[in-house]
Amino acid sequence: MIYVEANNLPSHIGIIMDGNGRWAQLRGRERVEGHREGSKAVRRIVRAARRLGIRALTLYAFSEQNWARPELEVDALMQLLREFLLSERDEILENGIRLNAIGNLGRLPAVVRTVLDPLRNESATREEMTLTLALSYGGREEIADAARDLAREVAAGTLRPEDVTEHTLHARMPSLTVGDPDLVIRTGGERRISNFLLYGLAYAELHFADVLWPDFTEHDLYEAIASFQRRERRFGLVGKPAEPILASEGEVATPASTDGAASEKAAENAPVLRLVG
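Since this is a predicted model, take the numbers as computed values, not measurements.

Reading the values: the criteria
Residues numbered from 1 in each chain as written. Predicted model: local features only at pLDDT ≥ 70, side-chain atom pairs only at ≥ 80, totals over all residues. Heavy atoms only, no water. Phe/Tyr/Trp six-rings, centres within 6.5 Å; stacked < 30°, edge-to-face > 60°. Helix = DSSP H or I, 4+ residues; strand = E, 2+ residues; numbered from the N terminus. Buried < 20%, exposed > 50% of the residue type's maximum accessible area, 1.4 Å probe, protein only. Contact = heavy atoms within 4.5 Å. Salt bridge = Lys/Arg side-chain N within 4 Å of Asp/Glu carboxyl O. Core = buried A, V, L, I, M, F, W, Y, C linked by side-chain atoms within 4.5 Å. Expected span 1.5 Å × (residues − 1).

Peer 1: Tell me about the packing of aromatic side chains, and please be specific about residues and values.
Peer 2: Using the criterion set out here, one finds five aromatic pairs in the structure. An angle of 15° between the planes, with centres 4.6 Å apart, marks the rings of Tyr60 and Phe196 as stacked. In this pair, Tyr60 is assigned in strand β3 (residues 56–63) and Phe196 in the loop between β6 (183–186) and β7 (205–208), connecting sequence segments 136 residues apart. Neither Tyr60 nor Phe196 differs from the other in exposure class; each is buried. Taken together, the aromatic side chains of Tyr60, Tyr137 and Phe196 make up a single cluster linked through ring pairs.

This is the structure we're talking about:
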């Protein structure tokens, strides 16, 4: 059983959805079939996040570098994206989800934009959760775009150089309009960030799951959140002092917090969601 504290949820979760191609290859199937199964995982995880009360979910759906993949695979991905948006439209609107998109959206084909743009507009006033799709997105590219905008304002005399701060740069990041990510999950067993949400990752907690994205379930999401809740987030400050180790002469020293009865009582009093995996 996994315990997730209801009052200590990450506000913004980002997910690097890795492993679709390997999932298909392991089964002797075409890569596009892995992407199709991956879209089912997206549906599962969006629903689970919405039920938990996660305020913002950002999914790394297609990077700027992914355009270099074979044309047939890119075309299939764009078609799957269109199908996902069409099939999920009603559920997104009925569940109060605001759909957002970040990245170089001008590169997306018309078959995607004609579905994506209207749904973004229709859902703009929804407030229960923000679902952001990172499409043709790159973290370095986002930082460069923001810096370029600020440089133009300085050159035009509308912004003083000394007013270019980490906060003004942060404000120009489309990915961070919902706040910095608290937790970033990567599936597929890799241990890297792959150009995702780079500016906002400064103090994010990272969780790496070995499961391939098409097999990622609600249980895996709950496990990542439970791992997040077990960590102490210090943001560069000093952490909580270690509990004293108490022992009389001749006794074996043990941490004070190992009192079984006290621990059980604290667990009983903690507000939790009991999620059975």
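Having seen the model, we can carry on.
Peer 1: Now, about the environment of Leu93: what can you tell me, with residues and values included?
Peer 2: Relative to the helices and strands, Leu93 is located in helix α3 (residues 71–94). Remark: the alpha-carbon pair of Leu93 and Ser123, spanning 30 residues in sequence, is separated by 6.1 Å. Beyond its immediate chain neighbours, meaning those up to four positions away, Leu93 contacts Leu119, Glu122, Ser123 and Arg126.

Peer 1: Could you give me a rundown of the pattern of salt bridges, with the residues and numbers involved?
Peer 2: Summed over the entire model, instances satisfying the criterion amount to 25 salt bridges. Here Asp90 and Arg89 are joined by a salt bridge, their closest N and O atoms 2.8 Å apart. Owing to a relative accessible area of 43%, Asp90 belongs among the partly exposed residues under this scheme. Overall, Arg89 belongs to the partly exposed group, its relative accessible area being 32%. Arg148 is paired through a salt bridge with Asp145; the nearest N and O atoms lie 2.7 Å apart. Residue Arg148 and its partner Asp145 are located together in helix α5 (residues 139–156), separated by three residues, close to a single helical turn. Residue Arg148 is classed as partly exposed on the basis of its relative accessible area of 42%. For Asp145, a relative accessible area of 40% translates into the label partly exposed.

Peer 1: Tell me what's going on with the nonpolar core, and back it up with residues and numbers.
Peer 2: Within the largest apolar cluster, 49 residues are counted, with the highest numbers of intra-cluster contacts made by Ile13, Ile15, Leu59, Leu85 and Leu135. The dominant element in this core, judged by the number of residues it contributes, is α3, at eight residues. Leave out the neighbours within four places in its chain, and Leu135 touches Ala61, Phe62, Leu81, Ala101, Ile102, Gly103, Asn104, Leu105, Leu108 and Leu116. Among the nonpolar cores identified, the runner-up in size contains 10 residues, and Ile16, Tyr60, Phe196 and Leu197 belong to it.

Peer 1: Go over helix α2 (residues 31–52), please, and point to the residues and values.
Peer 2: For α2, with 22 residues, the first-to-last C-alpha span of 32 Å sits near the 32 Å given by 1.5 Å per residue. For α2, the complete set of buried residues consists of Gly34, His35, Glu37, Gly38, Ser39, Ala41, Val42, Ile45, Val46, Ala48, Ala49 and Leu52. Gly53 sits one or two residues past α2 and shows a positive phi near 100°.

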